[in-house]
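So you can see what is in the structure, the chains are spelled out below.
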Amino acid sequence: MPGFWINMGPQHPMTHGLWNMKVKIDGETITDAKPEIGYLHRGYEKIMEVREFQKNVVLTDRLCYVSSLTWSHAYCLAAEKMMGLEVPVRGQWIRVLALEIQRVASHLMWLAAYGPDLGLLTALLWALRERELWLDLLQLLTGARMNQNYPRIGGVRNDLPENFDGMCRRVITHFEGKLDEYEKLLHDSKIFHLRTLGVGRISAEDAINWGVTGPNLRACGVNVDLRRLDPYETYDELDFEAQVWKGSSAGDSYARFVCRFNEMRTSCDIILQVLEKMPTSGAYRTKEPRRAEGDGFARTEDSRGEALFYILGDGDDRPYRVKIRSPIFCSMAATPLMLRGNKLADLVAILGSIDVCVGEMDK
Amino acid sequence: MDWELVAFLVLSVLEVVGSILVVTNKRLVRAAFWLAMTLVTIGGIYLLFGSEFIFLIQILVYAGTVPILFVFGLMLTRTKIMDEPSTEEGT
Amino acid sequence: MSQPLVPDLFATCKVLTGAILWVVQQILLALGAVIPPLKDLGNWLASDPVVSAVTWLVVMTVMLLWAVLINLLTMMWVERKFYSRLQDRYGIMVSIWSLPIWPFNRKDRPTHKGWGYLQNVADGMKLLQKENLTPRGADSAMFHMAPVLIASSTLMIFVALPWSSGFVVAKPDLSLLFILAAFSIAPFGILIAGWSANNKYTLVGGMRAAAQLMAYEIPLILCVIALVFTTGSLDVYEIVAQQERTLVTLGPLAIPAWNLFGPQALGAVVFAVAMMAEMERIPFDIPEAEAELVEGWTTEYSGMRFGLLFGFKWLRMIAGAGLISILYLGGWTGPVFTVVQVAGIPVPIIPEEVWFMLRVYLLSVVFIWISWSVPRIRIDQILQLGWKRLIPLSLLAILLAAGASLVGW
């Protein structure tokens, strides 16, 4: 029997979105792979040119439907740099708080999706159960669960609600107990190790060359976390370590899993620090200019990797040109490297660990 | 006529026809089906001779063997699945 | 020892069938006064060979309804409820008050706070109404035959699988071998289904089923061989009867001499693992891995054909759990002796059927529990597990059983 191409997508339980992974299999072994993306392309960079600066926040929210706050924040950061705005200190702290809550919610969605990928539906429901709490926090803060439209150019939309720090602490106390539960379900499972250890390995060199960023690169043992390397907002005042894989089998699905999983603990830690260090009162937003000229460049550590915005303004009230770098778009290009030589069933174990978000990938 | 003779003849005819179809049939899955049919009818003849044990062992063993032969046949043929322009398409 | 509720299914059914046919005979005889040929027809219907023949049909129908309509639905319900609770949710909760029939359709009753037992019935009805599609390019005859092969071979297990010493369709001498033979037909159907649908997912699923078959079928049979060293019989009644005696008495507790306690313990574990692969439950549901193969070899089936393939997985689970109970857990033996006399007929308080069902359902819950708490393993890993672990272990079990029978344990 000759090897043949299988379409995994665009309608397939593995894809978590609208894209197509073509794999060529020989028996059960993947000999070649070819990601086909673009099914969800909406032309963000072009649409943003015809909207005013502030209105683009709504758009960038919809870039990634799992982690929308981090994306609108990255846009705001770039726009502020272009306009030369300085965000009030309290506004920066609130942003960090919101970003980390969003990061945990996004990672929980990834954890939830990774369970059924490996055939463990229980992980899905457990992770979604705790994600509700984080979405509740986001809802308290921003009023919405999914597309928050919260950051503003020059700050954030509203102040913290009453007693928000108490609620955050309650959620985190509860959540850290549940994280131990997930560890029992996944880390301690022999079958989970069988499925992920040594699967989908990519070397640090290859990962850097292909532009893999974020937890996927840190799983290769490269200490790259923009929150530490190029601190934005008030991350330089916080005390935390980027989650970098230090073990022997760097760059496999298990390393990616562990890095991402432990990032949830780091984020909880950051949130607790923010709640302590944040000034209790003060302005959280400055007035932004309507028109701007120049260029703004911002890169942030998104839940999935390095999110980059480059905005050019020509003195009008809307950007002249916007460039978005999406981390998954680059990671996706490296997936054939990870897939080749693995078994067909490993496809889901690998692609699930990369944490694909089609919204930002296709822009 | 004796019913045993009738049963024997029916089973034998099925077996012979089945075994011919195994080798002549172009479609792999049908050949596998006729192979299973042949083996089961041989088992039926065993049963007719009063040896239930061998009949059950025949089914038990060959029910496992036929899929394996089938898979071997599958791996050795170069049949195309889901007619497509070219299996090498999609570079 | 406890008594069966149905001492002899055939005799019980024959009384019923005989009564019904007697009524028909009387009606025909009465009509025969007008139309004379009906008199002969009536007498022929009530004659013993005809009653026996009809009784066979009735017995099979009773077993089919018992297995499919009662146990299959209950098992699906148990599974859905159990894994829902495992996942911190309620699961199916449709109540009987949501039925669109008048006495149930009551506005003052909550429709979704019930037990959800009828949800599976509703799902089955939905599947019945769906269109039955055959993909273009599929080998139509084979494609349509595969579900029949799988369903019929699964039902064939229940011909010889007893629910108690009396509640069984037929009692062949080699009943254990018959059950195993019936079990082993379905993978062939899976392979046919996988190939004939002309789809790549189903093809890979079918190939996986064939590869997996080799990995679990051999240890399964080897464990049975080890068991036969102890029992010396391939008759399930004989095997269960041997487990009825007491092994050791610990105070008020009398530990029965189940095959599990003794040299067969290793074989029992291997058999249970291999049985789990046979049932295609989650760590071993590689042929229909829904994450990468959508639904594997069942991808192209729709309507009730899919329903049959999907639902009969639970029937195989019941049969597998029943087989494990019979071989290693003492089958239907139970400790209750008390028998109540109702109008002269002895009715056991806890009959054998209940003891057997208790084992079957408890075992199934254990299987469900395992399958919803572990991920799925890979095809090469199940082959490694089968060939490198299970087969040596089952050979060791044979060695143990042979040694034990040598010293007369």
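Residues numbered from 1 in each chain as written. Chains lettered and ligands numbered in written order. Predicted model: local features only at pLDDT ≥ 70, side-chain atom pairs only at ≥ 80, totals over all residues. Heavy atoms only, no water.

**Quick word on the overall build of chain B**
The cut-off we apply is this: Secondary structure elements follow DSSP: runs of H or I no shorter than four residues count as helices, runs of E no shorter than two count as strands, and numbering proceeds from the N terminus. Here the open area of atoms and residues is found with the Shrake-Rupley method and a 1.4 Å probe, where only the protein chains shown may cover a residue.
Along chain B, the regular secondary structure elements total three helices and zero strands. In sequence order, the secondary structure elements of chain B are arranged as α-α-α. Roughly 5,500 Å² of accessible area belongs to chain B as shown, and the carbon and sulfur atoms make up 71% of that amount.

**Digging into the overall build of chain C**
Filter applied, for reference: Throughout, radius of gyration means the C-alpha value; the globule benchmark is 2.2 Å times the number of residues raised to the power 0.38. The cut-offs for exposure are 20% and 50% of the maximum accessible area for each residue type, with area from a 1.4 Å probe on protein chains only; residues under the lower value are buried, those over the upper are exposed, and the others partly exposed. When charges are counted, Lys and Arg contribute as positive and Asp and Glu as negative, whereas His and the chain ends are disregarded. To locate a charge, take NZ of a lysine, CZ of an arginine, CG of an aspartate or CD of a glutamate.
Tallying secondary structure elements over chain C gives 14 helices and four strands in all. Radius of gyration (C-alpha) of chain C: 24 Å, near the 22 Å computed for a compact globule of 409 residues. On the principal axes, the C-alpha backbone points of chain C span a range of 75 × 60 × 50 Å. Of all 409 residues assigned to chain C, the portion counted as buried reaches 53%. When the accessible area of chain C is evaluated, it comes to approximately 17,700 Å², of which 72% is carbon and sulfur surface. When the 26 basic and 25 acidic side-chain charges of chain C are each reduced to a single mean position, those positions are 9 Å apart.

**Some details on the sheet that holds strand S2 (residues 20-26) of chain A**
All names here are of chain A. Selection criterion: Between any two strands, at least two bridges found by DSSP are needed for them to pair. Fitted lines through C-alpha atoms serve as axes, helices being fitted only where they are in contact, and the angles separating the N-to-C directions of these axes extend from 0 to 180 degrees.
As summarised here, the arrangement of the three strands in space is S1-S2-S3, forming an open sheet in which the pairing is antiparallel. Here the strands that pair on one side only, and so sit at the sheet edges, are strand S1 (4-8) and strand S3 (29-36). Along the sheet, successive strands turn relative to each other by an average axial angle of 25°, direction set aside. Sheet topology note: the S1/S2 ladder contains five bridges and is antiparallel. Bridged to Ile6 within S2 is Val23.

**A closer look at the side chain of Asp302 of chain A**
All names here are of chain A. This is how the line gets drawn: The working definition used for a salt bridge is a side-chain nitrogen of Lys or Arg within 4 Å of a carboxyl oxygen of Asp or Glu. Contacts: residue pairs with any heavy atoms within 4.5 Å of one another.
Following the sequence through the fold, Asp302 ends up in the loop between strand S6 (293-301) and strand S7 (306-314). One buried charged side chain, Asp302, makes no salt bridge at all; its nearest oppositely charged neighbour is Arg304, positioned 4.5 Å away. Beyond its immediate stretch of four places on either side in the chain, Asp302 contacts Ser67, Thr70, Trp71, Arg103, Ala307, Pro327 and Glu360.

**As for the nonpolar core**
Defined as follows: What makes a nonpolar core is a set of buried Ala, Val, Leu, Ile, Met, Phe, Trp, Tyr and Cys residues whose side-chain atoms join them at distances within 4.5 Å.
Judged by nonpolar contacts, the single largest core of 88 residues is most densely connected at Phe158, Trp163, Leu176, Phe271, Leu323 and Leu327 of chain C. Looking at which element gives the most residues to this core, the answer is helix H12 (residues 303-328) of chain C, with 12 residues. Beyond its immediate stretch of four places on either side in the chain, Leu323 of chain C contacts Leu161, Leu176, Ile179, Leu180, Phe183, Phe271 and Met275 of chain C. Grouped together as the second largest cluster of nonpolar side chains are 86 residues, Ala112, Leu238, Ile311 and Cys357 of chain A included.

**Points about the confidence of the model for chain C**
As a reminder, the rule being used: On a scale of 0 to 100, pLDDT captures the predictor's confidence in every residue.
For chain C, the mean per-residue pLDDT works out to 84, and 97% of the residues sit at or above 70. Prediction confidence for the complex, expressed as pTM and ipTM, is 0.86 and 0.83 respectively.

**Observations regarding the packing of aromatic side chains**
Test applied: Any two of the Phe, Tyr and Trp rings considered here, Trp counted by its six-membered ring, make a pair once their centres fall within 6.5 Å; the pair's planes then place it as stacked at under 30 degrees, edge-to-face at over 60, or tilted in between.
In this structure the tally under the stated criterion is 32 aromatic pairs over all chains. With 6.3 Å between their ring centres and 85° between their planes, Tyr114 of chain A and Phe192 of chain A make a pair best called edge-to-face. Of this pair, Tyr114 of chain A sits in helix H4 (residues 89-117) while Phe192 of chain A is found in helix H7 (residues 190-196), placing the two residues 78 residues apart along the sequence. The exposure class assigned to Phe192 of chain A is buried, which follows from its relative accessible area of 0%. Relative to Trp369 of chain C, the ring of Phe82 of chain C lies with its centre 5.8 Å away and its plane at 70°, an arrangement referred to as edge-to-face.

**So, helix H1 (residues 3-24) of chain B**
Structurally, the α-helix is built with 3.6 residues per turn, so residues lying three or four positions apart point the same way. Residues and elements named next belong to chain B. Selection criterion: Any helix carries an expected span of 1.5 Å times its number of residues minus one. It is the directions from the helix axis to the C-beta atoms whose arc is reported.
Here H1 is 22 residues long and its end C-alpha atoms lie 31 Å apart, about the 32 Å a rise of 1.5 Å per residue gives. Of the positions making up H1, those classed as buried are Leu11, Ser12, Gly18 and Val22. Down the axis of H1, the smallest arc covering the buried residues is 135°, so these residues share one side.

**Comments concerning the confidence of the model for chain B**
Residue and element names in this part refer to chain B. Here chain B averages 77 in pLDDT, while 79% of its residues score no lower than 70. Averaged pLDDT values over the elements of chain B bottom out at 77 in helix H3 (residues 52-76) and peak at 88 in H1. Contacts from residues 85-91, a stretch scored under 50 in pLDDT, to residues over four places away or in other chains number 11 contacts.

**Topic: the layout of surface pockets**
Residue and element names in this part refer to chain C. As a reminder of what qualifies: With a 1 Å grid laid over protein atoms only, a set of points is called a cavity when a 1.4 Å probe fits there but cannot get out and a pocket when it is open yet has protein on both sides within 12 Å along at least five of seven lines; lining residues have an atom within 4 Å of a point. Grid points are joined across faces, edges and corners, and a volume is the space filled by probe spheres set on the points.
Roughly 1,000 Å³ of volume is contained in the largest pocket. Taken together, 38 residues line the largest pocket, and the ones lying closest to its centre are Met76, Asn120, Phe310, Gly311 and Trp314. Of all elements in the fold, only helix H3 (48-86), helix H4 (119-129) and H12 reach the threshold of two or more residues within the lining of the largest pocket. The element that contributes the greatest number of residues to the lining of the largest pocket is H12, accounting for nine residues.

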